[in-house]
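Observations on the three-dimensional arrangement
Residue strings, one per chain:
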Amino acid sequence: MINLTGSWTHSFEEDEGSVQVFRPTQAFDFPPARRGRETVDFGMGGGPVVRGMPAADDRQQHSHVNLTALGMNRFRLEGPGMPGQVFELVEVRPDVLKLRQG
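Residues numbered from 1 in each chain as written. Predicted model: local features only at pLDDT ≥ 70, side-chain atom pairs only at ≥ 80, totals over all residues. Heavy atoms only, no water.

**Observations concerning the pattern of salt bridges**
On inspection of all chains with the given rule, the structure shows 10 salt bridges. With a shortest N-O distance of 2.7 Å, E14 and R23 are connected by a salt bridge. Among the salt bridges present, the one from R93 reaches D95, with a minimum N-O distance of 3.1 Å. The exposure class assigned to D95 is partly exposed, which follows from its relative accessible area of 34%. If you follow the salt bridges from partner to partner, you end up with E14, E16, R23, E91, R93, D95 and K98 in one network. (Salt bridge = Lys/Arg side-chain N within 4 Å of Asp/Glu carboxyl O. Buried < 20%, exposed > 50% of the residue type's maximum accessible area, 1.4 Å probe, protein only.)

**Observations concerning the pairing of strand β7 (residues 82-93)**
Side-chain positions along a regular strand alternate between the two faces of the sheet. Summarising the sheet, strand β6 (residues 74-79) and β7 pair through 5 bridges and their orientation is antiparallel. The partner of G79 across the bridge, within β7, is M82. Linkage of β6 to β7, two consecutive antiparallel strands, is achieved through a turn of 2 residues, within which G81 is found at a positive phi near 75°. Looking at chain direction, β7 and strand β8 (residues 96-101) are connected through 6 bridges and run antiparallel. Looking at β8, one finds that R93 is bridged to V96. Counting the residues that bridge the hairpin from β7 to β8 gives 2 residues. (Pairing = 2+ DSSP bridges. Helix = DSSP H or I, 4+ residues; strand = E, 2+ residues; numbered from the N terminus.)

Structure representation (structure tokens):
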């Protein structure tokens, strides 16, 4: 069983082609960046999933999204501003989460 629980922040400096790299929000020293960072918070035990996106004024806008397992390490996130975004879990470790969209 894959455990995604916790808050993950996009470490876009580490992206590898189509693979997006996320790091634990509270346990990683992110370098300063001019652009805001996307976050995804996975609730305990399949609890609510909250997506944070940088807004035009650089503040985070949070919205609840639905997470649906599609099988073969593929999931769909749906919510405001995110109509059916499908991603594949490429790697999950306590210090890194790697996703490929599509």
